[in-house]
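Listed below are the residues making up each chain.
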Amino acid sequence: MAAAHDALRTLGLQVGDPALAARLIPLALLVGLAVGYGVWRVFGRKQTQEGRPDVQERMVYRLAWRKGGVFTLRDLAESSPLDEAQARAVTARMLELGRLTRDGEAFSLRPSSLRTGRA
């Protein structure tokens, strides 16, 4: 048993260097902090940013196409990731740009706003 223990200790000294490992701990911590900060910057910023207007408009177009071209704010808030305030803002912006028309509580797509292909 003692011979196996000595062989294992010898193998450990050949493979690992405890002094080097102890000296590299600050470097490993620094690299870990840098990687953690990079991941936080990339993914944390997306959580705090407002939704992009073009993405929100695409959500409105998709919902309108599914509903036959006519939808309400309630439909938009229930069927998309947009909350009620975002739904109001995007429909107001699209009304201003002339992409939607309003008929009471319902909104409908304007025929000129439908795109059939990309330029």
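Let me begin by describing the structure that accompanies this report. Computed from a prediction, not measured in an experiment: that's the story for all the values here.

Parameters and conventions
Residues numbered from 1 in each chain as written. Predicted model: local features only at pLDDT ≥ 70, side-chain atom pairs only at ≥ 80, totals over all residues. Heavy atoms only, no water. Helix = DSSP H or I, 4+ residues; strand = E, 2+ residues; numbered from the N terminus. Expected span 1.5 Å × (residues − 1). Buried < 20%, exposed > 50% of the residue type's maximum accessible area, 1.4 Å probe, protein only. Pairing = 2+ DSSP bridges. Axes fitted to C-alpha atoms, helices over the stretch in contact; angles between N-to-C directions. Salt bridge = Lys/Arg side-chain N within 4 Å of Asp/Glu carboxyl O. Phe/Tyr/Trp six-rings, centres within 6.5 Å; stacked < 30°, edge-to-face > 60°. Contact = heavy atoms within 4.5 Å.

1. Remarks on helix α1 (residues 2-15)
One turn of the α-helix equals 3.6 residues, which is why residues spaced by three or four share an orientation.
Here comes step 1: Here α1 is 14 residues long and its end C-alpha atoms lie 20 Å apart, about the 20 Å a rise of 1.5 Å per residue gives.
Here comes step 2: Counted residue by residue, α1 has zero buried out of 14 residues, so it is predominantly exposed.

2. Considerations on the sheet that holds strand β1 (residues 70-72)
Here comes step 1: Here three strands make up an open sheet; going across it, the order is β1-β3-β2 and the pairing antiparallel. The open sheet has two edge strands with one neighbour each: β1 and β2 (100-103). The sheet shows a mean angle of 35 degrees between the axes of neighbouring strands, taken without regard to direction.
Here comes step 2: Bridge count for β1 against strand β3 (residues 106-109) is three bridges, and the pairing is antiparallel.

3. A short note on the pattern of salt bridges
Here comes step 1: A full pass over the atoms with the stated rule returns five salt bridges.
Here comes step 2: Among the ionic pairs, R99 bridges to E57, the shortest N-O distance being 2.3 Å. Highlighted residues: R99 in the loop between α5 (84-97) and β2 and E57 in helix α3 (residues 53-66), separated in sequence by 42 residues.
Here comes step 3: Of the charged contacts in the structure, one is a salt bridge between E84 and R88, with a shortest N-O distance of 2.9 Å. With E84 and R88 both in helix α5 and four residues apart, the pair spans about one turn of that helix.
Here comes step 4: Given the relative accessible area of 45%, R88 is considered partly exposed.
Here comes step 5: Bridged by salt links that share partners, the residues E57, R93 and R99 form one connected network.

4. A few points about the packing of aromatic side chains
Here comes step 1: Summed over the entire model, instances satisfying the criterion amount to three aromatic pairs.
Here comes step 2: Between Y37 and W40 the ring centres are 5.9 Å apart and the planes differ by 35 degrees, which places this aromatic pair in the tilted class. Separated by three residues within a single helix, Y37 and W40 lie in helix α2 (residues 18-48), roughly one turn from each other.
Here comes step 3: You can call Y37 partly exposed: its relative accessible area is 47%.

5. Regarding the environment of L76
Here comes step 1: On the secondary structure map, L76 appears in helix α4 (residues 73-79).
Here comes step 2: You can call L76 buried: its relative accessible area is 0%.
Here comes step 3: Separated by 15 residues in sequence, L76 and T91 have C-alpha atoms that sit 9.6 Å apart.
Here comes step 4: Excluding its chain neighbours within four sequence positions, the residues that come into contact with L76 are V60, L63, F71, L82, A87, V90 and T91.

As far as function goes, none of this settles anything; it's purely spatial.
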